[in-house]
Amino acid sequence: MQPQVLRELADVIVRLLPTIFEKSWRTGEAPEDWRRANVTPVFKKGKKEDPGNYRPVNLTSIPGKGMEQLFLDVISMHVEEKKVIGSGEHGFIKGKSCLNNLIAFYDEKTIWVDEKRTVPVVYPDFSKAFDTVSHNILIGKLRKCRLDERTVRWIENWLSGRAQKVVISGAESRALEQAAQRGCGVSICGDVQNPPRCIPVQPALGEPALSGGLD
């Protein structure tokens, strides 16, 4: 659905979206259109003739993004309230950043140096980390976080059958379906507060919390 259509019919669509979101969640199925993306290159700097100077941007369904944000809010609340994520985690945490991480690391290791202790340091940076996350492992970790099964099934469906095509100046490439078990650059994957680390078993997130959010 085009943004212009959404703007012009906002008064009507805003009354329908809660029903669509609720049905999507209860059936565990995301509409196919929500899992389709147009990839548009955005120029960064340098020579425009060099393809490496462009950043690919995925343009996806606006209602799909709204549903995605709803799930993000609910899951974030769950992992925060149940203390699934440790205080040392800085990635994708509100109010924290790489700078906070470095300051905390520096403070702790400075104390060790003052105490004349050995300070071995390994600081890896994984290239395209979220692009290579196994969906099976991701879904398994979400279940270990004890999210309600409907939410997990919806995310599993959201990650399957995704396809994208390149769109430049009105010209389109052939749509390619992405590998089923690999990362797909979907923001909910990265924004679920680093789900692969959700090891502790926590109380389940009940239906009322999500239903209330949808209403």
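Residues numbered from 1 in each chain as written. Predicted model: local features only at pLDDT ≥ 70, side-chain atom pairs only at ≥ 80, totals over all residues. Heavy atoms only, no water.

The protein chain has the name Reverse transcriptase domain-containing protein in an unreviewed UniProt entry, where Limosa lapponica baueri is given as its organism.

Chemist: Honestly, helix α5 (residues 135-144) in this entry has me stumped. Any pointers?
Modeler: Given 3.6 residues per turn, any residue in an α-helix points the same way as the ones three and four places further on. For α5, every residue scored as buried is listed here: His135, Leu138, Ile139, Lys141 and Leu142. Viewed along the axis of α5, the buried residues span an arc of 160°, placing them on a single side of the element. In α5, the exposed residues that point more than 90 degrees away from the buried face are Asn136 and Ile137. Two to three positions downstream of the cap, the backbone nitrogen of Asn136 sits 3.3 Å from a side-chain oxygen, assigning the N-cap of α5 to Ser134. Arg146, located one to two residues past α5, shows a positive phi value of around 65°. (Buried < 20%, exposed > 50% of the residue type's maximum accessible area, 1.4 Å probe, protein only. Helix = DSSP H or I, 4+ residues; strand = E, 2+ residues; numbered from the N terminus. Arc of directions from axis to C-beta. Polar contact = N/O pair within 3.5 Å; in protein donor to acceptor, adjacent residues only side chain to side chain.)

Chemist: So what exactly am I meant to see when it comes to the packing of helix α2 (residues 10-27) against helix α3 (residues 62-81) here?
Modeler: Pairs of packed helices are described in terms of their axes, by the angle between the two and the distance that separates them. Direction vectors running N to C along α2 and α3 enclose 65°, while the axes themselves pass 11 Å from each other. Judged by the twist between their axes, the crossing of α2 over α3 is right-handed. Here Leu17, Phe21, Ser24 and Trp25 of α2 lie close against α3, whose contacting residues are Pro63, Gly66, Met67 and Phe71. (Axes fitted to C-alpha atoms, helices over the stretch in contact; angles between N-to-C directions. Left-handed = near helix turned anticlockwise from the far one by under 90°. Contact = heavy atoms within 4.5 Å.)

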